[in-house]
Amino acid sequence: MGLVGPGSVRAQAPEEVTEDDDGEEMPDLSPDGLPQAPVDSTAGERVTPTEDAEPTDQAEGEIESDDLDDLPDPIEPGSVPTPRPAGEAPLPEIPAEPEADGEQTLPGQARNLTEEERTRRGLLWIPRIVFAPVRFSLWLVTRPIIALAKLNRKYQLINRFMSLFVSDDGTYGLIPSAFVETGFGLNGGLRAYHRNLFGKGESISARIGFGGFYNQRYQLSLSSGNRSSHVTVEAGVRYVVRRADRFFGVGTGDREDPYDTDLPLSVYDSDQAVRSRYRRKTLLGELALRFPMADRIWLRLSNTWVWSRFDTGDLGQRDPWINQAYEANQLVGFFQPQTNTRTELRLVVDRRRQGTTYMPPSLPSEGAWFQVWGGWQQGVRQDPSQFGRVGADVDGFINLYEHDRVLRLRARFEAVVGHKENIPFDGWALLEGPDMLRGFSRQRFRSRYSGLGTVEYRYPIAPSFAGYLFTDVGIAANHWEQAHPRDWHFGYGGGLMMFSKTAFVARIQVAASREGIYFNLRFAPANDPSDVL
């Protein structure tokens, strides 16, 4: 008997038949599942049934043999057809992967490479070997950072640490601080503050520190807050003892080894500069009035009374004392106490802001800070001070992505106006590290004119951790119209910042220049960008 059903055709059975399980004869089926036509044994070709062949009954619904060309292609055994929506284009054919010419390749290994291409790939091992020490060093340095970041993310170490010293709303706190800087050692101290003493934003802040650049430091600051909408009164007093202040002359001479230089040098316009030291004690009192002009724009008028005394110590220092390295008769104001008053008017525009809640306001991501100032310093009694000072500073922040990838651009200029006989040796425009011209020593350049430009990129590393890379360029010159290429100085480097959601916590920074590498560690939690940047 023959099989009849939709999609099949009843044809004349060939001579050779097979039997099913019931003993009935079944036609020989083709690979497509259709009955095969008889084959001529002499010609080896398949023949179709003739008109004389015994007709077969065709059931209703069966397909004529002439309609075979309209049938779809057969489905491979074991596959399941996927229905396509009406009107949708068919899926494109995927080209077959080329054969490997009999060579078995490993996962990730390219196939059918020419000899030249194999040689080029082999040469890639050369830079890998050359840069292997650098890669290993970076890996070694970043391991502790990544481990600390994971621990902080799991246990919220920074936030818990800050909660030990700061109130929940951040109104008051008692915070330890520490500074480590190349050439000055460790400074440790405490800072206490309260930002809302009587409910109107009145604030008080006290700070003490010992060691490092500040051998002793005591400071107290007061502010009337929002008691008046027209003026804010600020007052402060500070006493510092520093035993390792540095002096490199006035100008931009190349730094030399003092033991290879004929001393003493001229203070002004020398082609050489040596690092010398002196000691100082300074008592400073300030009274200021701040007048709001618009939203986050104000004028600040201040008057500061300053008393300073300078001296040197015994021999045995690694660096010579200032009166040994430079001509003593040119050190204006060094051999007698200085007593002077400084009056200054400053305009400040603060448009900095942080656009996320997981970054503290002390690390802004957009906006700008602009200030311009002018002042006059007048000596009292034996103090020869009689000169003016003007300057401008703009610090901009550009949000590149998600407020945690930030480009910082800064430009700063300062000038001192007056005769050099009336400008004390420490009163010239200062350009120094580690916060301005990074990569150079503190108090490195003193001159009549100074300029600074900064490009800095800040990027996220992990929650509560951010890295930054920077390039600083500065100029220090006594005669602006005669500025020389040697008056330009470049520093570069990078660092790591740690912060909580409300405050900056700590910074580790490494900066370099032609004069060496300088390391700076600062642990001083702060909420104001001016205390951080």
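As the structure is a computational prediction, the values presented were derived from the model and not from experiment. (Residues numbered from 1 in each chain as written. Predicted model: local features only at pLDDT ≥ 70, side-chain atom pairs only at ≥ 80, totals over all residues. Heavy atoms only, no water.)

Applying the stated criterion across every chain, the model contains 27 salt bridges. Between E456 and R408 there is a salt bridge whose closest N-O contact spans 3.6 Å. Of this pair, E456 sits in strand 18 (residues 449-462) while R408 sits in strand 15 (residues 405-417), placing them 48 residues apart in sequence. For the pair E456 and R408, a shared accessibility class is recorded, and that class is buried. Here R438 and E456 are joined by a salt bridge, their closest N and O atoms 2.9 Å apart. Taken together, the residues span a long stretch of sequence, with R438 in the loop between strand 16 (429-431) and strand 17 (445-447) and E456 in strand 18 at a distance of 18 residues. Among the residues examined, E456 registers a relative accessible area of 3% and is labelled buried. (Salt bridge = Lys/Arg side-chain N within 4 Å of Asp/Glu carboxyl O. Helix = DSSP H or I, 4+ residues; strand = E, 2+ residues; numbered from the N terminus. Buried < 20%, exposed > 50% of the residue type's maximum accessible area, 1.4 Å probe, protein only.)

With that out of the way, let us pick up empty space enclosed by the protein. What the rule picks out here adds up to three cavities of 30 Å³ or more. In this structure, the second largest cavity encloses a volume near 70 Å³. Contributing to the lining of the second largest cavity are E181, G433, P434, G439, F440, Q509, A511, Y518, F519 and N520. When contributions to the lining of the second largest cavity are tallied by element, the ones reaching two or more residues are strand 21 (504-513) and strand 22 (516-526). Among the elements that make up the lining of the second largest cavity, the one with the highest residue count is strand 22 (three residues). Across the lining of the second largest cavity, the residue classes break down as five nonpolar, four polar and one charged. (1 Å grid on protein atoms, 1.4 Å probe; cavity = no way out; pocket = protein on both sides within 12 Å on 5 of 7 lines; lining within 4 Å. Points joined across faces, edges and corners; volume = space filled by probe spheres on them. Nonpolar A, V, L, I, M, F, W, Y, C, P; charged D, E, K, R; others polar.)

With that out of the way, let us pick up helix 3 (residues 132-155). Between the first and last C-alpha of helix 3 there are 34 Å, a value that for 24 residues agrees with the 34 Å anticipated at 1.5 Å per step. If you look at helix 3, its biggest bend is around 35 degrees, right at T142, and the proline P144 turns up within four residues after that. Looking one or two places after helix 3, you find Q156, whose phi comes out positive at around 55 degrees. (Expected span 1.5 Å × (residues − 1). Bend = angle between axes of the 7 residues up to and from the residue.)

Together, L197, F198, I204, L220, L222, V237, L283 and W305 give the surface a local cluster of nonpolar side chains, amounting to about 690 Å² of exposed area. Within the element layout of this structure, L220 appears in strand 6 (residues 216-223). Judged by its relative accessible area of 35%, L220 is partly exposed. (Patch = residues over 30% accessible without salt bridge, like charges linked within 9 Å, V, L, I, M, F, W, Y side chains within 5 Å. Areas by Shrake-Rupley, 256 points an atom, 1.4 Å probe, with all protein chains shown as cover.)

Further remarks concern the confidence of the model for the chain. Fine structural detail should not be taken from predicted coordinates in areas where pLDDT scores are low. For the chain, per-residue confidence averages 82 on the pLDDT scale, and residues scoring 70 or more make up 78% of the total. Counting contacts from residues 29-34, a segment whose pLDDT is below 50, to residues more than four positions away or on other chains yields nine contacts. Considering only residues more than four positions removed or in separate chains, one finds that residues 104-108, a stretch of pLDDT under 50, has one contact. (pLDDT = per-residue confidence, 0-100. Contact = heavy atoms within 4.5 Å.)

Here the focus is the environment of A411. Mapped onto the fold, A411 is located in strand 15. With a relative accessible area of 38%, A411 lands in the partly exposed category. Linking A411 and D395, residues 16 residues apart in sequence, is a C-alpha distance of 6.6 Å. Residue contacts for A411: discarding those within four places in its chain leaves A392, D393, V394 and L452.

Pairing between strand 3 (residues 172-181) and strand 4 (residues 185-194): 10 bridges, direction antiparallel. The residue of strand 4 that forms the bridge with P176 is L190. The antiparallel pairing of strand 3 with strand 4 creates a hairpin that spans three residues between the two strands, and G183 there sits at a positive phi of about 90 degrees. Note: strand 3 against strand 22, four bridges, orientation antiparallel. (Pairing = 2+ DSSP bridges.)

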